[in-house]
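Summary of structural features
The lines below spell out each chain.
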Amino acid sequence: LNLSNLKIKDPYAGSNKVLWIRYARAGDGQRFNAQYHVSEKGSFPNHELPLDMDADTSTGKIQMTLTKEEFVSCVLSSPVLSEALRKSTTFECDSREPFAERPLQLEVAIADPMQEDADDDFLDSMSVQQSVCFEIYDMDRGSLSDFLGECYLPPFSEMSETPKAFVLELRGPTEWSRSDSAHKDPNKNYSGCLFVEASWKFPADIEHEEATTLEQRAELEEKMHTGKLRVKILKAEGMRNADAEAPKTVSNRLSRITSGIMGSSREDNNDSAVWVYTRNETYHETAELPPGIGKGGWRVNVAGKHEPLHKTKVIKDAFMPEWNEEFEVILQTGAYEKRTNQRRHFDISRKAAQKHRNEALLATMGNTNDLFMHFLDPNHVDTSRSGTSSKQTGTPKDKTATRLSRTDGALEDVDNSAGHGVTVLLGDSIFEFKSKMRKACLIEARNEEADLLRLPESSHDAILSRKRKAAFEAVARNLSEQFVVMVFVPSVELRDLQRAHRTHSTDYKDLYAVEYGDPSSWQPLDPCRTFGHYTALYGFGKTQDMMSIRLVVGSEDYMAKNNRYRHFVAEQKFWRQRIEQVNTGSHCFGYAKYVHRGDGCSEEWRPVIAERCLGDEVGRSKATGVQQSSAGSQKFQVTYIHAPMGVRSAGLDDASKVVVDESSLLLAPLQPEILASANLEHHEFLEQARQLEEDGLDEADIVRVLNERLLAKSQRRREAEAREGRQPTRPPSPISLRDVQHALRSAHR
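Described in the following lines is the structure provided in the data block.

Criteria and thresholds
Residues numbered from 1 in each chain as written. Predicted model: local features only at pLDDT ≥ 70, side-chain atom pairs only at ≥ 80, totals over all residues. Heavy atoms only, no water. Helix = DSSP H or I, 4+ residues; strand = E, 2+ residues; numbered from the N terminus. Buried < 20%, exposed > 50% of the residue type's maximum accessible area, 1.4 Å probe, protein only. Contact = heavy atoms within 4.5 Å. Areas by Shrake-Rupley, 256 points an atom, 1.4 Å probe, with all protein chains shown as cover. Pairing = 2+ DSSP bridges. Axes fitted to C-alpha atoms, helices over the stretch in contact; angles between N-to-C directions. Salt bridge = Lys/Arg side-chain N within 4 Å of Asp/Glu carboxyl O. Core = buried A, V, L, I, M, F, W, Y, C linked by side-chain atoms within 4.5 Å.

This part covers the overall build of the chain. In terms of helices and strands, the chain carries 23 helices and 20 strands. A buried classification covers 42% of the 749 residues belonging to the chain. Across the chain, contacts joining residues at least 24 apart in sequence account for 71% of those joining residues at least 6 apart. Accessible surface, the chain: about 41300 Å² in total, of which carbon and sulfur atoms supply 52%.

Strand pairs in the sheet, formed through backbone hydrogen bonds, run parallel or antiparallel to each other. Read from one edge of the open sheet, five strands run β19-β18-β17-β16-β20, paired in antiparallel fashion. Edge positions in the sheet fall to β19 (657-661) and β20 (665-667), since each has one partner strand and no second. Within the sheet, the average angular offset between the axes of one strand and its neighbour, ignoring direction, is 45°. As paired elements, strand β17 (residues 602-612) and strand β18 (residues 635-640) share five bridges and run antiparallel to each other.

Along the chain, the position of T226 falls in strand β8 (residues 226-237). Leaving out residues up to four positions away in the same chain, T226 has contacts with F202, P203, A204, I330, L331 and Q332.

Considering all chains together, one arrives at 25 salt bridges under this definition. Its salt-bridge partner being D496, residue R499 comes within 2.7 Å of it at the nearest N-O pair. With R499 and D496 both in helix α13 (residues 492-499) and three residues apart, this pair spans about one turn of that helix. In this structure, R717 and E681 form a salt bridge, with 3.3 Å as the shortest nitrogen-oxygen distance. One end of the pair, R717, is in helix α22 (residues 699-723); the other, E681, is in helix α20 (residues 680-686), and 36 residues separate them in sequence.

Of the pairings in the sheet, the one linking strand β6 (residues 164-169) to strand β7 (residues 193-201) comprises six bridges and is antiparallel in character. When the sheet's bridge partners are listed, A165 is paired in β7 with E197.

The next thing to look at is the sheet that holds strand β4 (residues 130-138). The strand order across the open sheet built from four strands is β5-β4-β9-β10, with neighbouring strands paired in antiparallel fashion. Strand pairing shows two members of the sheet lacking a second neighbour, β5 (146-152) and β10 (310-311), which therefore form its edges. Pairing analysis gives two bridges linking strand β9 (residues 272-280) to β10, with the strands arranged antiparallel. Its bridge partner lying in β10, W275 is registered against K311.

Okay, the nonpolar core next. In terms of nonpolar packing, the biggest core is built from 33 residues, with L106, F375, F433, M437, F531, F540 and I549 touching the most fellow members. Secondary-structure elements contributing two or more residues to this core are β3 (106-111), β12 (370-375), α11 (430-454), α12 (460-478), β13 (483-488) and β15 (547-553). No other element matches α11, which puts seven residues into this core. Among residues more than four places away in sequence, those in contact with I549 are L106, E107, V108, A109, F433, V485, M486, V487, W522, F531 and F540. Grouped together as the second largest cluster of nonpolar side chains are 30 residues, C151, L170, M239 and V276 included.

Below, the discussion takes up unusual backbone geometry. A cis amide bond links F202 with the next residue in sequence, P203, at an omega value of -10°. Considering the arrangement of structural elements, one finds P203 in the loop between β7 and α5 (214-224). A positive phi angle, near 60°, is found at C601, a position not held by glycine. If you trace the backbone, C601 turns up in the loop between β16 (587-596) and β17. Accessibility expressed as a relative area gives 42% for C601, which makes it partly exposed.

The structure is reproduced here in structure tokens:
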């Protein structure tokens, strides 16, 4: 060979020289260099230079060949490449009828079309929609107590778990004030302030456990809408003196004489007490009131009398009374309490009691306002329905009976003629189905508008038509990727009853009503797939029966109600997560320094997954050619994403893992969770770091204070173990400056 053949200009013509070739080997990316002695004329010997790994070796086969599993995994991860493979395995190919053009018969239930429940949940999370009223009275014996004024606790959004002091101004009665036997004269001059402290914890108590049954999920939903209110009533100042203003009537003189007999000294000062009431703000004047709720949303007892949350003691003859009384109350959010507060039932059988119990559980799930639409097969004629004529879409009058009848194919409340004329095909993807839903809703809204022109404006049908029109327009406007398309999946017991032709029995109807209303009976469908992909699983296209579909806005709250949706979201997140996003307390993506021994010890930063070092792995760095750790520095055990050949051939138990020093590792996330302390005993004290920083301590002082508290707790535990005759536990490792710095960064985030 000659340099001219390689189109290399000879820089030292007429003299001997050396040609250096530096390259990265294909397969594992290892760097090497080779030298060739070049003569005066530019020629050098023809020796083979292996730029690829040797495929005949075991390691070369691993790096240079593609396995069947790797190929299938890569194909399935790409929707474009995997479409043909999915069709060949899930579709039923029938040459007599094009598969993708088979029309489907669907009953579609759109949950909360006007987003009213979502708005209520948002208001619940922000303001709770509960009012806490403080009423102060001058408690007179023998006569009607005088009303000294009322005040309200600020919105719950202004409170937190830390108690906060409030000064509440007393005022006279308003239109929303509680009506009671006490005389609340709006013409009097009310003055003064009430001093209170309050804290609000919401939710009050949440256990992150898997809720499988309907009862467990209803209990979890109740906890998510329940908070704990702590109030301390301190004192009042500047109130009007009701006794001094009272006219000198015979009854007042009698009251003074009675008070004197009872041993109280009256010097024309109030005998003050505070009564605390709550009001649910979601109840209006026209709302139907359930048990326990009175007019205006005030809480009442069984007798219909207003029920106070708390009554303070009476402070006698005091111009500025001080109570210093504290109480605690559990409150549900307003919309949730309204939704779940059921009327009482007198059950004469176990089945009736269980039915009402199931209705209460379903009310907890919030499945109330559904809008129904239907997509029909224009070629299918239902001969079982003769003489029936009704609208195809909208909310049926008897939703339970309608749902039940549609399970066995008898569409008693559905007209076979498609009012909107939109047909859903088996080959349509779930994403395309949403587009057809939007088109059908716009057509139905125009149909309702046409019906309004021929209906009397104040008739019942006109009112319902306006509501349906608004609902269809809202769905067409708000339908987005947040809506999840789901299919109804009946239980084995329900399917057995259907196979036994017991669809008209009470057992079937009750069980169907429970499962249809249970969110966990609905399976989400992948937007990238078609209905044909689910033929084998759910029977799309196999029968002419009406298939039940549901559209729900996917949210964090809905994940607590529907286990299937929660697992679906977790699965989608797992497959969509990139390795660069790994950032947990045990694993973190980053880059580690790798030394190429065959290239003059050149260094390269390679992508890795870092783990906490166990301490006995330090010797691996020498065996694998990775830079040794310096004394006293933190070490990490890393796994090279693209494992070098030298690591694989080292003959170690876990050859792809090596130990590196923190100076040889760059963690990619801005706030790596792996840097947090691994000692569980430290977490309790590291949570106090933020408060110590706010108290003015620097990081070194925070480390000192936290270690003092940690050692004090450890010493108390060791003393208790010594008294009980048990083996004392070892003292915990001290909290480091790094642990405190990470805790402070996490708190500031």
